[in-house]
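# Reading the structure
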Amino acid sequence: MNRGNRILLSCVYWAFVLYVFVPLILMILMGFKDSKFIGFPIKSWTLDWYTGIFADAEILSTLGYSAAIAVLATLISVAVGTWIAVLLEGRKFWGRTAIFGMTVLPALVPGIISAIAFRIYARYLGIEPGMGAIVWAHAVHNVPFVVLVVMARLSTLPKSQLEAARDLGADPIIAFLRITLPYLVPAILGASIFCLLLSFDDFVRSFFLGGYEPTLPVLIFAKLKSGMSPEINAIATVALVLTAAIGIWAERFTRRMNKDTKA
Amino acid sequence: MSNEAASRATQDVDAHTRVGRTFWGRLSNWSPYRALMGLVTASPRRQFLILAIFPLLWVLTQHLGPMLQMVRVSLTDAYPVAPGVEQHFTLDNYARFFGDQIFWQPFFRTLIFAGGFTFCTLILTYPVAYFLARHVSRKNQMLFLLLLLIPFWVGEIVRTYAIMILLGNTGALNLVLQSLGLIDRPIPFMYTSFSMGVGIVYLTALYMLLPLYSALEKLPRSYNEAAADLGAGAWTRFRRVTLPLTIEGISSGCTLVFLISTGFYATPVLLGGPSTTTFAETIAGFFHVAGDEWPTGAAFATIMFFAALVLTAVFQKLMNALRKGDTK
């Protein structure tokens with residue numbers, strides 16, 4: 001009976017794997033269809049859509065624009081998030097719960113409400129819609145994820161190391177830079193990759209805070225609203241390959257780093 | 001003995017001169033830096049304040065600020081204020097919500113849909129999480145989990161588009177059904193609550209799977225074995241042992257998925273139809289037109305935020321009560 005259960009459950013698992021992969025595989029296949037019309041069956045194949053998008057200056061500049069936004073937003077999130085994590089981890093003080101609550105707030109606000117709130121606040125601060133506004137919104141939205149990841153790592157830092165550094169005469173800043181920060185590197189790298197992907201894939205904030213220049217998801221959305229075409233599949237596939245490759249690489253990289261520091 | 005002591009002493013001297021030569025040593029001997037550190041570390045209290053002041057200002061102005069400003073704008077009659085016009089505080093924007101069916105209908109639809117989709121996600125992912133935590137060897141668990149993680153790194157828009165291709169009239173699903181001879185002409189899956197549900201479950205499944213997996217993984221297998229020894233059948237074991245002890249995972253997974261699914265904007269626009277307009281689309285509508293509709297949009301977003309918060313808080317209280325009742 002236990003065996004039957006096991007087989008049934010493994011079928012459920014593999015069915016779930018199919019459910020998550022099949023739509024994406026179909027989408028990738030459709031990018032090679034030699035016809036303007038989206039739909040099955042695919043009778044002849046072509047690479048024209050890909051050569052088309054790599055020759056399209058607008059699409060390439062959108063790709064660069066999205067990447068630049070993701071990198072800038074990630075740098076801000078990581079710096080701020082690490083600072084907040086150092087304050088919150090392992091310290092007890094009045095108002096800690098309130099600060100922690102406010103820290104995770106942006107991650108809990110549903111997407112559309114977060115976008116609207118940022119849009120209104122950007123107007124209030126005098127930030128024009130465009131790159132600056134998107135970078136700011138992404139940075140704020142991603143801070144909670146950095147804080148949580150860094151706090152988790154920080155909680156495993158042996159206290160004795162910091163005490164030893166202080167005993168040897170290191171002041172708090174040097175102790176932070178030479179003991180705490182190197183210890184946090186795997187967490188910071190992991191959080192950075194996560195932020196990069198969140199920012200690169202974000203639609204709703206980029207859509208409401210963007211100016212005339214679209215980010216990649218906003219461009220795909222705009223093209224989709226005016227009609228499906230294999231060109232969109234090719235663009236989406238490029239975005240998919242980029243994000244999945246970065247994700248897989250980061251997963252392996254952080255695992256290896258965690259193993260190294262444990263050994 | 002004395003030799004050893006002497007060599008240790010020379011080592012110490014060496015170490016000291018080396019400290020003087022390294023970057024860090026030079027930095028800590030640099031007088032402006034020392035003066036600064038003297039100021040910073042004068043007392044533990046001051047040191048703490050210097051550490052705390054930036055995070056405190058950041059979360060107040062950047063995390064809480066946008067939400068407070070949204071609430072404030074929702075209480076005004078005009079935003080942004082045109083020059084020469086006086087801004088008044090009013091509750092009209094909230095009254096507007098209750099006054100018109102085209103506003104509150106999408107609101108309740110969104111909450112009901114989000115609740116329903118959350119339940120579907122739970123039913124769909126629980127067996128998957130159970131399989132991962134219980135029937136896969138520890139060595140392979142990460143691999144099996146990673147396989148599911150890969151598609152979730154792909155963005156919202158790309159995955160929504162993938163669902164459009166799957167469900168379209170000339171999509172893969174209709175093609176398969178037709179070639180199997182189950183249907184004569186394509187079923188219009190798209191632009192219905194069905195297509196929207198498939199899309200939203202597809203986008204949120206991971207946020208349910210991970211909390212469930214970590215709750216199930218923490219649960220010792222011996223509990224189940226003990227229950228089996230006491231004569232409990234598979235169903236009883238699941239209902240009386242596994243389920244109550246994973247309520248925390250269920251509760252946090254459902255909360256996350258519910259909050260995320262109420263906030264989707266692009267997915268209902270692309271996958272839904274006129275009969276499935278969500279509140280996110282209603283809210284967004286106020287921001288596409290000229291600025292004078294912003295206060296209404298802000299009021300609606302505020303209503304939605306508090307409704308979602310209250311519902312998830314009630315849900316978590318319920319789940320907590322359930323857990324306490326069951327483990328007694």
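As shown above, the structure is provided for reference.
Everything quoted here is computed from the prediction, not taken from an experiment.

### Points about the interface of chain A and chain B
With 83 residues of chain A in contact, the opposing surface of chain B contributes 86 residues. Approximately 7800 Å² of surface area, both sides summed, lies buried where chain A meets chain B, with 82% of it carried by carbon and sulfur atoms. Sorting the residues of chain A by area buried against chain B places Tyr13, Phe16 and Ile120 of chain A first, and these three jointly supply 9% of that buried surface. Counting every contact that joins chain A to chain B gives 13 residue pairs in polar contact (both at pLDDT 80 or more). Broken down by element, the side of chain A that touches chain B gets its largest block of residues, 18 residues, from helix H1 (residues 2–30) of chain A. Within the side of chain A that touches chain B, the residues separate by chemical class into 64 nonpolar, nine polar and ten charged.

### Side note on the packing of helix H6 (residues 131–154) of chain A against helix H8 (residues 172–201) of chain A
Residue and element names in this part refer to chain A. Contact pair H6 / H8: the axes reach a minimum separation of 9 Å and the direction vectors enclose 145°. Where H6 crosses over H8, the two elements pack in a sense that is right-handed. Residues His138, Asn142, Phe145, Val146, Val149, Val150, Arg153 and Leu154 of H6 pack against Thr180, Tyr183, Leu184, Pro186, Ala187, Ile188, Ala191, Phe194, Cys195, Leu198 and Ser199 of H8. Looking at the contact of H6 with H8 residue by residue, the class counts come to 14 nonpolar, four polar and one charged.

### With respect to the packing of aromatic side chains
Under the counting rule described, the total for this entry stands at 40 aromatic pairs over all chains. An aromatic cluster is present here, built from Phe97, Phe98, Phe103, Trp104, Phe107, Phe108, Phe279, Phe286 and Phe300 of chain B joined pairwise through their rings. One cation-aromatic arrangement involves Arg123 of chain A over Trp294 of chain B; the distance from NZ or CZ to the ring centre is 4.6 Å. The ring of Tyr183 of chain A carries Arg153 of chain A above its face, with NZ or CZ at 4.1 Å from the centroid.

### Focus on the packing of helix H11 (residues 221–229) of chain B against helix H12 (residues 234–245) of chain B
Residue and element names in this part refer to chain B. Contact geometry of H11 with H12 gives a least axis separation of 10 Å together with a crossing angle of 160°. When the interaxial angle is binned, H11 and H12 end up roughly antiparallel. The crossing of H11 and H12 is right-handed. For the pair H11 and H12, the contacting residues are Tyr223, Asn224, Ala227 and Ala228 in the first and Arg237, Val241, Thr242 and Leu245 in the second. Classifying every residue of the contact of H11 with H12 gives five nonpolar, two polar and one charged.

### With respect to the pattern of salt bridges
Scanning the model with the defined rule gives four salt bridges over all chains in all. Among the ionic pairs, Arg205 of chain A bridges to Asp202 of chain A, the shortest N-O distance being 3.1 Å.

### Things to note about the layout of surface pockets
As a volume, the second largest pocket reaches approximately 1100 Å³. Lining of the second largest pocket is provided by 32 residues; of these, Val86, Arg91, Pro172 and Phe176 of chain A together with Leu51 of chain B occupy positions nearest its centre. Taken together, the elements giving at least two residues each to the lining of the second largest pocket come down to helix H3 (57–88), helix H7 (159–167) and H8 of chain A together with helix H3 (31–40) and helix H4 (44–74) of chain B. Split into classes, the residues belonging to the lining of the second largest pocket amount to 22 nonpolar, five polar and five charged.

### A few points about a nonpolar patch on the surface
All names here are of chain A. On the surface, a cluster of nonpolar side chains totalling about 340 Å² of accessible area is made up of Val71, Leu72, Leu75 and Met131. By residue number, the principal contributor to the nonpolar patch is H3, which donates three residues. When you line up the elements, Leu75 lands in helix H3. Residue classification places Leu75 among the exposed positions, given a relative accessible area of 56%.

Parameters at a glance
Residues numbered from 1 in each chain as written. Chains lettered and ligands numbered in written order. Predicted model: local features only at pLDDT ≥ 70, side-chain atom pairs only at ≥ 80, totals over all residues. Heavy atoms only, no water. Contact = heavy atoms within 4.5 Å. Buried area = accessible area lost by both parts, 1.4 Å probe. Polar contact = N/O pair within 3.5 Å; in protein donor to acceptor, adjacent residues only side chain to side chain. Helix = DSSP H or I, 4+ residues; strand = E, 2+ residues; numbered from the N terminus. Nonpolar A, V, L, I, M, F, W, Y, C, P; charged D, E, K, R; others polar. Axes fitted to C-alpha atoms, helices over the stretch in contact; angles between N-to-C directions. Left-handed = near helix turned anticlockwise from the far one by under 90°. Phe/Tyr/Trp six-rings, centres within 6.5 Å; stacked < 30°, edge-to-face > 60°. Lys NZ or Arg CZ within 6 Å of the ring centre and 35° of its normal. Parallel < 35°, antiparallel > 145°, perpendicular 65-115°, else oblique. Salt bridge = Lys/Arg side-chain N within 4 Å of Asp/Glu carboxyl O. 1 Å grid on protein atoms, 1.4 Å probe; cavity = no way out; pocket = protein on both sides within 12 Å on 5 of 7 lines; lining within 4 Å. Points joined across faces, edges and corners; volume = space filled by probe spheres on them. Patch = residues over 30% accessible without salt bridge, like charges linked within 9 Å, V, L, I, M, F, W, Y side chains within 5 Å. Areas by Shrake-Rupley, 256 points an atom, 1.4 Å probe, with all protein chains shown as cover. Buried < 20%, exposed > 50% of the residue type's maximum accessible area, 1.4 Å probe, protein only.

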